[in-house]
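# Observations on the three-dimensional arrangement
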Amino acid sequence: VSVATVSRSLNNSPLVQETTKQKILKLADEAGFELNAIAKGLATSRVNTIGVILPLEYDQFGQQLYYSSLLNDLRGTLERANYDVIVSFLTNRFTGKSNILSLVNRRKVDGLIILQETLEHELLDFLEKKNIPYIFSHYPPTFEDVSFDAVYPDHLWGGKLAGEYLASLGCQRMMCIGAANKVNEFVLRERGFARALAAHGLNFSGEQVLYSPLTFNDGYRIVREHASAFQAADAVFVVTDLLAFGVIAGLKDMGLAIP
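The following paragraphs examine the structure supplied in this document.

### Points about the environment of Ser168
Mapped onto the elements of the fold, Ser168 is located in helix α7 (residues 155–168). Spatially, the C-alpha atoms of Ser168 and His200 are 9.1 Å apart, while their sequence positions differ by 32 residues. Engagement of the side chain of Ser168 in a polar contact is seen with the backbone oxygen of Tyr165, the distance being 2.5 Å.

Written as structure tokens, this is what we have:
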């Protein structure tokens, strides 16, 4: 067959008869042949690779527990679609330069999944100019003046559901443990919780809200430092899991039962 037929078969073109295509693919597989993604990218402007931009706090233990699961699902989905994955941070930790600029200018990715609350407008303008598809994930973006695509949980609704559930149980004196870092997802959960209590006519003053770093040890510490407030409470809402485990451990050591 011609070189063109081989090329079309390797690229799964509908212009080649299926029987011929399968024979060529079988021979390629037996020979251990793989398409050169760089060479193919020069011709098609595609490299079949998606970049995942991680947040800087990824290297914290509690964050790793979540992001390792998220990355595993992302990788599985992309690999099923025959895409490779490049995982990177927003900036190079040694040079301080943008990894997004580097990945795009070197033509290493066809698109980006960005696990950040925000990007500088210069970077957004750059991505638009380069016509690189991108989407924000997990974090609710904080932009108010930019149109963007995003997929993330409805944190406000989640906090509201928690508050409504505790109110339905008849709880009257609730504590809330919020995030000291004021990341938007945790702020929204706290806000949704407060709105649910207000809708049920329950008092929710500043004394019932404590803020903490998001570690197990800090959850334990905040309970021990505010023991009297927790002794008087009949429910506790905590904005993230690892912190909640620490809170539970502290409450148990105080002799309080955790249903």
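### A word on helix α9 (residues 216–225)
Within α9, burial applies to Asp218, Gly219, Ile222 and Val223. Along the axis of α9, the buried residues cluster in a sector spanning 135 degrees; they form a single face. Counted as exposed and oriented over 90 degrees from the buried face of α9: Asn217 and Glu225. Tucked inside the fold, the buried residues of α9 contact β6 (174–179), β7 (209–212), α10 (227–232) and α11 (241–253).

### Describing the sheet that holds strand β3 (residues 111–114)
Judged by pairing direction, the sheet is parallel, and its 5 strands sit side by side in the order β2-β1-β3-β4-β5 without closing on themselves. Each end of this open sheet is capped by a strand with a single partner; those strands are β2 (84–89) and β5 (150–151). For strand β1 (residues 49–54) and β2, the ladder comprises 6 bridges, and the chain directions are parallel. Note that in β2 the partner of Val52 across the bridge is Val87. Against the sheet, helix α6 (residues 121–130) makes contact with β3 and β4 (134–137), and its axis sits at roughly 140 degrees relative to β4, the strand it touches most.

### Some remarks on unusual backbone geometry
The phi angle at Asn12 is positive, at roughly 55 degrees, despite the residue not being glycine. Mapped onto the fold, Asn12 is located in the loop between α1 (3–10) and α2 (18–30).

### With respect to the pattern of salt bridges
Going through the model one piece at a time under the given rule, you end up with 6 salt bridges. The shortest N-O distance in the salt bridge between Glu18 and Lys21 comes to 3.7 Å. In this pair, Glu18 and Lys21 are both assigned in helix α2, 3 residues apart and thus about one turn of the helix distant. A residue is classified by how much of its surface remains accessible, and Glu18, at 48% relative accessible area, is partly exposed. Glu225 is the partner of Arg221 in a salt bridge, and the nearest nitrogen-oxygen pair spans 2.9 Å. With Arg221 and Glu225 both in helix α9 and 4 residues apart, the pair spans about one turn of that helix.

Conventions we followed
Residues numbered from 1 in each chain as written. Predicted model: local features only at pLDDT ≥ 70, side-chain atom pairs only at ≥ 80, totals over all residues. Heavy atoms only, no water. Helix = DSSP H or I, 4+ residues; strand = E, 2+ residues; numbered from the N terminus. Polar contact = N/O pair within 3.5 Å; in protein donor to acceptor, adjacent residues only side chain to side chain. Buried < 20%, exposed > 50% of the residue type's maximum accessible area, 1.4 Å probe, protein only. Arc of directions from axis to C-beta. Contact = heavy atoms within 4.5 Å. Pairing = 2+ DSSP bridges. Axes fitted to C-alpha atoms, helices over the stretch in contact; angles between N-to-C directions. Salt bridge = Lys/Arg side-chain N within 4 Å of Asp/Glu carboxyl O.

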